[in-house]
Amino acid sequence: MNSLITGIQQVGIGVTDAQKAKHYYKNLFGMDVLVFEDRAEASLMTRYTGNEIHSREAILTLNMQGGGGFEIWQFITKEPRFCSNQPAYGDIGIYAVKMRCSNIANASKSFSSSAIQTTPSNQKCIWVTDDDNNMFQLVEYHRSFRTTPHAVGGVLGVVVGVSNMESSLKFYKNLLGLQVVYDVISEDMDVAANASGGEQYRRILLHKKFTPVGAFSKLLGDVEIELVQSLDRTPQTIYKNRYWGDCGFIHVCFDVNDMDALKQKASKLGYHFTVDSADSFCMGTSAGRFGYVEDPDGTLIELVETHKVPIFKKLNWYFDLKKRKHNKPLPDWMIGMMALTKVK
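Residues numbered from 1 in each chain as written. Predicted model: local features only at pLDDT ≥ 70, side-chain atom pairs only at ≥ 80, totals over all residues. Heavy atoms only, no water.

(A) Up close: the overall build of the protein. Scanning the protein from terminus to terminus reveals six helices and 18 strands. Across the 344 residues in the protein, those meeting the buried criterion constitute 58%. Intrachain contacts of the protein at a sequence separation of at least 6 include 71% that bridge at least 24 residues. With an accessible surface of roughly 14100 Å², the protein has 47% of that area assigned to carbon and sulfur atoms. (Helix = DSSP H or I, 4+ residues; strand = E, 2+ residues; numbered from the N terminus. Buried < 20%, exposed > 50% of the residue type's maximum accessible area, 1.4 Å probe, protein only. Contact = heavy atoms within 4.5 Å. Areas by Shrake-Rupley, 256 points an atom, 1.4 Å probe, with all protein chains shown as cover.)

(B) Expanded view of the pairing of strand S11 (residues 201-208). Across the eight residues of S11, eight count as buried, placing the element largely inside the fold. Burial of the side chains of S11 extends over both faces: Tyr201, Arg203, Leu205 and His207 are buried on one face and Arg202, Ile204, Leu206 and Lys208 on the other. Bridge analysis of strand S10 (residues 179-186) against S11 gives seven bridges, and the strand direction is antiparallel. From the neighbouring strand, valine 184 faces S11, where its bridge partner is arginine 203. Taken together, the eight bridges between S11 and strand S12 (residues 223-230) define a ladder with antiparallel strand orientation. The partner of tyrosine 201 across the bridge, within S12, is serine 230. (Pairing = 2+ DSSP bridges.)

(C) Fine view of the layout of surface pockets. Looking at the largest pocket, its volume works out to about 300 Å³. If you trace the largest pocket, you find 19 residues lining it, with Tyr239, Ile250, Gly298, Thr299 and Leu300 closest to the centre. Class assignment for the residues of the lining of the largest pocket results in ten nonpolar, four polar and five charged. (1 Å grid on protein atoms, 1.4 Å probe; cavity = no way out; pocket = protein on both sides within 12 Å on 5 of 7 lines; lining within 4 Å. Points joined across faces, edges and corners; volume = space filled by probe spheres on them. Nonpolar A, V, L, I, M, F, W, Y, C, P; charged D, E, K, R; others polar.)

(D) The environment of isoleucine 238, seen in detail. Note on placement: isoleucine 238 falls in the loop between S12 and strand S13 (248-256). Owing to a relative accessible area of 6%, isoleucine 238 belongs among the buried residues under this scheme. Note: C-alpha distance between isoleucine 238 and aspartate 91 (147 residues apart in sequence) is 6.4 Å. Every residue in contact with isoleucine 238, bar those within four places of it in the chain, is listed here: Cys83, Pro87, Asp91, Ile92, Gly93, Ile94 and Tyr95.

Structure follows, in structure tokens:
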């Protein structure tokens, strides 16, 4: 098992109004724990923003049932752009976010338009969209960090459209240490409603089982990445002619234990970092080292080694992770303290 990757820390979601979105996702998916809010220039990301420095607002929220969070991201110095065509199943890039759900039947009542389906791995699931037509797959998952009143937990994974399955499979398996659950060619419509009927897709589900390795491993839990290749049409690229940070799913971010070791591993495999903050980089009251690497189709994978996270801002109480051993999980009560800072 690859100990360099703890789990999915967050998925970046570009929006037109970050303050409105944080309340919307709190109500929709129970993302009610506020980790940070920050306004600053994205000075290290000019490679993906037209060689210009743009200011942005970023907000990170979590769900204490466990799983990754949402990094809600809004341009301040330009108008955020939507995809010109609604992304379809099999299009290149992050098509959907997989959300943990302990009770699919109850969730289907909350999202009344959703029919319960079964995946090739016999997981029950439903598909829902948000107000911006972003796709989410709620997947049956019974491990939780904490019980909450919400029908849905945090991020379990993503559905990624690819152009060459073998090339993409090598990237996600070898760099991130994920294992194959299934590899199918299917017309089965346990996929989203906007998939074209009768088309064939090759689908590979990759999985990393929870292991107690890494400070936040108990909170983040398992990882699922589903790769989808359309076999009957030439898919569009979801982020073509748009900037990183425009509306939609920007990136999937993995929590990293040892960034130096992971960067060295990536280089040996031929996957070079395109961005590296090198030293600790502040995001509001949080801090860490972040980097980016592209999958074979250019889909952005963010990697974050966390150095500081607020526990209780009013008391100026923080986790200082640089003083801890990389692989030792934080005690449950410490992680639970993060829930004291709510989206209000």
